[in-house]
Each structure stands twice: as C-alpha cells, then as structure tokens.
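Spelled out from the first residue to the last, the chains are:
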Number of protein chains: 2
Amino acid sequence: MKTACVILIGNEILSGRTQESNLQYLGAGLNSVGIRVMAGRVIPDITEVISEAVNECRAEYDYLFTTGGIGPTHDDITADAVARAFGVPLVRDEQAVAALRTHYTSDDELTGPRLKMCDVPEGAALIHNPISKAPGFRIENVYVLAGVPVIMQAMFEGLKGDLTGGAPVLSRSIAAFVGESLLAAGLSDIQNAHASVEIGSYPFIREGKLGASLVIRSTDGAAVEAAAEAVREMIVSLGAEPLEE
Amino acid sequence: MKTACVILIGNEILSGRTQESNLQYLGAGLNSVGIRVMAGRVIPDITEVISEAVNECRAEYDYLFTTGGIGPTHDDITADAVARAFGVPLVRDEQAVAALRTHYTSDDELTGPRLKMCDVPEGAALIHNPISKAPGFRIENVYVLAGVPVIMQAMFEGLKGDLTGGAPVLSRSIAAFVGESLLAAGLSDIQNAHASVEIGSYPFIREGKLGASLVIRSTDGAAVEAAAEAVREMIVSLGAEPLEE
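Heads up: these notes are all about the structure in this document.

1. Brief notes about the interface of chain A and chain B
Of the residues lining the interface, 52 residues belong to chain A; the matching set on chain B comes to 52 residues. When the two sides are added together, the surface that chain A and chain B hide from each other amounts to roughly 4100 Å², 55% of it contributed by carbon and sulfur. One can count zero salt bridges joining chain A with chain B. The interface formed by chain A and chain B includes 18 residue pairs in polar contact (both at pLDDT 80 or more). Those elements that place two or more of their residues in the side of chain A that touches chain B are α1 (11-14), α2 (22-32), β2 (35-43), α6 (112-116), α8 (180-193), β10 (198-206) and β11 (209-218) of chain A. Of the residues forming the side of chain A that touches chain B, the biggest block, eight residues, is contributed by α8 of chain A. Of the residues assigned to the side of chain A that touches chain B, the class counts are 22 nonpolar, 19 polar and eleven charged. As defined by bridge partners, β2 of chain A adjoins strand β2 (residues 35-43) of chain B across three bridges and the pair is classed as antiparallel. Its bridge partner being in β2 of chain B, Val42 of chain A is matched across the sheet by Gly40 of chain B.

Structure follows, in structure tokens:
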C-alpha cells in the first residue's frame, strides 16, 4: 500500500470564500492507481507554515501533493516555500520559459509576473500544464500543482501514469432506506467476520426518507464481494431492499 | 484575534467518495464571530490518529472543531478517540438519553447503537442537535460536531452565540476581466502600501473570459476601503471595469 498526503494551500479556503474540491479529485484519482490518501491539510498562505507542512508530510507519506499558490501574484508563495523546505534556491527554468513562449509570443508579454511562474526549486522537474502553460513541478516525492481545479486536474491526469502505486482499493456501495441505528448491530457483526475489508456507513436523507450507504473497501476483490453479499442479506433480513450504488 | 482549527474526520473524504463541505461553512461562520480558522485537517477513522490530531490542535489554537464520526455504527469512533485524547472515560450522559427519548418514545427503540450516541467523554457538555437529537459535545476548547452537513450546521448555529471571538475580519471583493499577470505588479504595490490588509488574488474563467477576484481583508474597515479604492483605480488604469462582488 502506497500512501499520500494532500496539502491544500490558500487563505480563501480557510475563510470560507472558496469551496475546496481538489481533495476529492486527488483522493479518487490516486486511489485508482493504488495510492491511498491518508491525510489532507488545509493551510494558509504563510511561507513558514507551508515549508513546515511540506517537510512534515513528505517524510511521513510516500507521496505529497500540494495545490494552490503557484500563480503570478504576490500571494503566490508556494514555489518559494517548497524551495525553502528543501533548502535549495529558486531558479528560473528555461524549459518553463519556453513553454510560456508558446502561449505568449512576444517578449513584451513575458512580463516579470509571468516569468515568476517559471521559477522552481533547483533540481525540480516540470509538470506540464496543457491549459495555461505555467507549469507545476516535482521535487523528490513532492508534486506541486495549481489550485484552479481545471488546471490541477489536467496536470494530474498528465502525471498519473508515472506514479507507482500498490493494488488499487476496490469498493462496493450498497444503500438501503433503513436508519443507521437499525443497521449498526448487523454491520458490526459483518465487520468482525470480514476483518480484511473496511466497512463505512454513511447516513443520508433522500426524498425525505432516512437511509444509509454501506461502503465496503479492500484491495481484495473476493473479500469485498463476500462482505457485500453479507450486507445485502442483512438488509433483506430487516425487510428492506439492497440498492446497488 | 482568536484562532481555530477544524478537523474533518472520515475515510470517505480521503477516498474521494464524499465532497467535503463543512470546512467552508465553519470558516465563514467562525469568521462572522471574529474567530479565524488557521488550519484544516482531514483524517481517517483511526482512533490513534484522531486522538493525536485532537491533542496537537487543541494546544495550538484557541478553538478546535471536529466533524464526523459521532453516529451509531462501528466506524463512529470520534467520542472514544476524544475521550482518550483527554485521558478520561466515556460515560453515558443522562441528558443525552432524555433528548433521544423525545425522538424515540418507546424503550424498545432506544437500542444499543442509539444509546452509544449518548456516550461522551467525562466532563463534556452536550451540544444540542435539533434535527436528529443525538447530541454533539464540548470538552474544554474542543467542539465535537456531526458530519452530516445539515446537522453540523444546526449544531453550530445553536452554539455560535456562546463563542468569544475578536474583531470580525471584514472583506471586500472586486473582480475584473483582466488576467492575473497584468494585475500582479500593481497589486503588489498596493499590498506594500497597505500593509495592514491582506490582499488575495483568485483567477477565474467566466463566460470564456479570463479574470480575477481581488479580495481585501482586515479587521480595520477603513483600511479595507482605502485598499479597495486603490484596487479600483488600478483596474481602471488598465482599461477595465472594477466589478463589486
């Protein structure tokens, strides 16, 4: 099992101005290549806080992904903070400048703020940005991505194939219009009898009716199916219908 | 300035199954009473991980809020983990049982899983749940809330009035259909000239056109207005129209 941490950088997430959505995308995408996100951190635009979080998390997990703070404005400080975390200088990457040149054809357009987006920690490899060209970068096990979801997603899809994961986690989700309290005892028994899977119970209200989604997860597909069958039987025994999700 | 941390508990958030939304609500709500969320953590349903995160964060911030993991099923382990963090036993709260009795009138309905939701760390005070009655709880500066957004929100609105904050952060947001790169130099000058405010730049694409929202924040309303006026003038000087948001 390979593990990852995602650091989401930006005051706008903490103040409630912006609804964060990159964690969900990365959680699902990394899982599909056998890498499990074990932690997320949301941190403000403060250089020391970013550097410290990067150093803590890159040591603790196989992979670290960051999103946000790599644009052209004064509040974009992620590249500098990551360079400080690694104790290396920021250097202008000529490949990044060349990539921007495909977007901005005249030298007049390659302004200081745009060139700032070509500064990466020494030793970093670029991560291609097919949308607005200003690249992300990777240094050791740290992947520094844009914060704008559509750009972050394009960067991630481009690099995903190069990641080395373990077996992907398989899952099956079965819903029932039964309150969690009525499911709890049977579910606990099933969890105990199927210790190699992880069973989660997520309550919902749909069309005014209370229910729960029961999600079974494991890298072992046969174990998932066996536990799923036990969950279906329990739901039927409670007089309800198991609904595949 | 009072500070807070929010810990979002649940494997379903890390796996990408569930789009998290409680952080945004709490970030905005806490800000409105003068408490600034300085960090968010997303952690899995693992007792030791929850206990450790609670102890780290309650020491570092004035307030700690957690969401998730207080339901009736086997994967709801937050109350136990918080009790362990404080080194106190879990005890059945008779007020919580009485609250559940208003929801479930017969003793037959007060099953073990439902009663589990009445177990709180010794010394905790209940947080009212006007929706499904199973309460949250507070122990010292740690507020333990439900994960289901509608219940979390109802719990928070009920306790918000009792929180002691500092001066609320005021903000003004001005958008322009100008790329961030063109705004960067002027914005940096304005940030330097108005050091008491925090200026954030958030790029967007609307109706196919590139632009940015410039957000000015401070507890000092006059300082916000002065910086906002400078931002408007800069946008006009670039031949664009400042759009109040």
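From this point, things continue past the structure.
2. A short note on empty space enclosed by the protein
If you roll a probe as big as a water molecule over the atoms, it shows you where there is empty space left. One pass over the structure, following the stated rule, counts one cavity of 30 Å³ or more. When its volume is computed, the largest cavity comes out at roughly 90 Å³. Here the lining of the largest cavity is composed, by residue class, of seven nonpolar, four polar and two charged.

3. Points about the packing of aromatic side chains
Two aromatic rings are characterised by how far apart their centres lie and by the angle between their planes. For the coordinates displayed, the defined rule picks out twelve aromatic pairs over all chains. Note on Phe65 of chain A and Phe156 of chain A: the rings are 6.1 Å apart at their centroids and 75° apart in plane angle, and the pair reads as edge-to-face. Here the residue Phe65 of chain A occupies a position in strand β3 (residues 63-67), and Phe156 of chain A occupies one in helix α7 (residues 149-159), the gap between them amounting to 91 residues. The residues Phe65 of chain A and Phe156 of chain A share a single accessibility class, namely buried. Note on Phe65 of chain B and Tyr143 of chain B: the rings are 4.9 Å apart at their centroids and 20° apart in plane angle, and the pair reads as stacked. Residue Phe65 of chain B is located in strand β3 (residues 63-67), and its partner Tyr143 of chain B is located in strand β8 (residues 142-145); the two are separated by 78 residues in the primary sequence. As far as burial versus exposure is concerned, Phe65 of chain B and Tyr143 of chain B are alike and both buried. Linked through ring pairs, Tyr25, Tyr63, Phe65, Tyr143 and Phe156 of chain A together constitute an aromatic cluster. Directly above the aromatic system of Tyr104 of chain A lies the positively charged group of Arg114 of chain A, at a separation of 3.9 Å from the ring centroid.

4. Description of the sheet that holds strand β6 (residues 125-127) of chain B
With mixed pairing, twelve strands are arranged side by side in an open sheet as β6(A)-β7(A)-β8(A)-β3(A)-β1(A)-β2(A)-β2(B)-β1(B)-β3(B)-β8(B)-β7(B)-β6(B). Each edge of the sheet is formed by a strand with only one pairing partner; in this case those strands are β6 (125-127) of chain A together with β6 of chain B. Neighbour-to-neighbour, the strand axes of this sheet turn through a mean angle of 20°, independent of strand direction. In the packing of helix α3 (residues 47-60) of chain B onto the sheet, the strands contacted are β1 (2-9), β2, β3 and β8 of chain B, and the crossing angle to β2 of chain B comes to about 160°. Its contacts with the sheet put helix α7 (residues 149-159) of chain B on β3, β6, β7 (136-139) and β8 of chain B, and the angle it makes with β8 of chain B is roughly 145°.

Each value, and the rule that gives it
- Residues numbered from 1 in each chain as written.
- Chains lettered and ligands numbered in written order.
- Predicted model: local features only at pLDDT ≥ 70, side-chain atom pairs only at ≥ 80, totals over all residues.
- Heavy atoms only, no water.
- Contact = heavy atoms within 4.5 Å.
- Buried area = accessible area lost by both parts, 1.4 Å probe.
- Salt bridge = Lys/Arg side-chain N within 4 Å of Asp/Glu carboxyl O.
- Polar contact = N/O pair within 3.5 Å; in protein donor to acceptor, adjacent residues only side chain to side chain.
- Helix = DSSP H or I, 4+ residues; strand = E, 2+ residues; numbered from the N terminus.
- Nonpolar A, V, L, I, M, F, W, Y, C, P; charged D, E, K, R; others polar.
- Pairing = 2+ DSSP bridges.
- 1 Å grid on protein atoms, 1.4 Å probe; cavity = no way out; pocket = protein on both sides within 12 Å on 5 of 7 lines; lining within 4 Å.
- Points joined across faces, edges and corners; volume = space filled by probe spheres on them.
- Phe/Tyr/Trp six-rings, centres within 6.5 Å; stacked < 30°, edge-to-face > 60°.
- Buried < 20%, exposed > 50% of the residue type's maximum accessible area, 1.4 Å probe, protein only.
- Lys NZ or Arg CZ within 6 Å of the ring centre and 35° of its normal.
- Axes fitted to C-alpha atoms, helices over the stretch in contact; angles between N-to-C directions.

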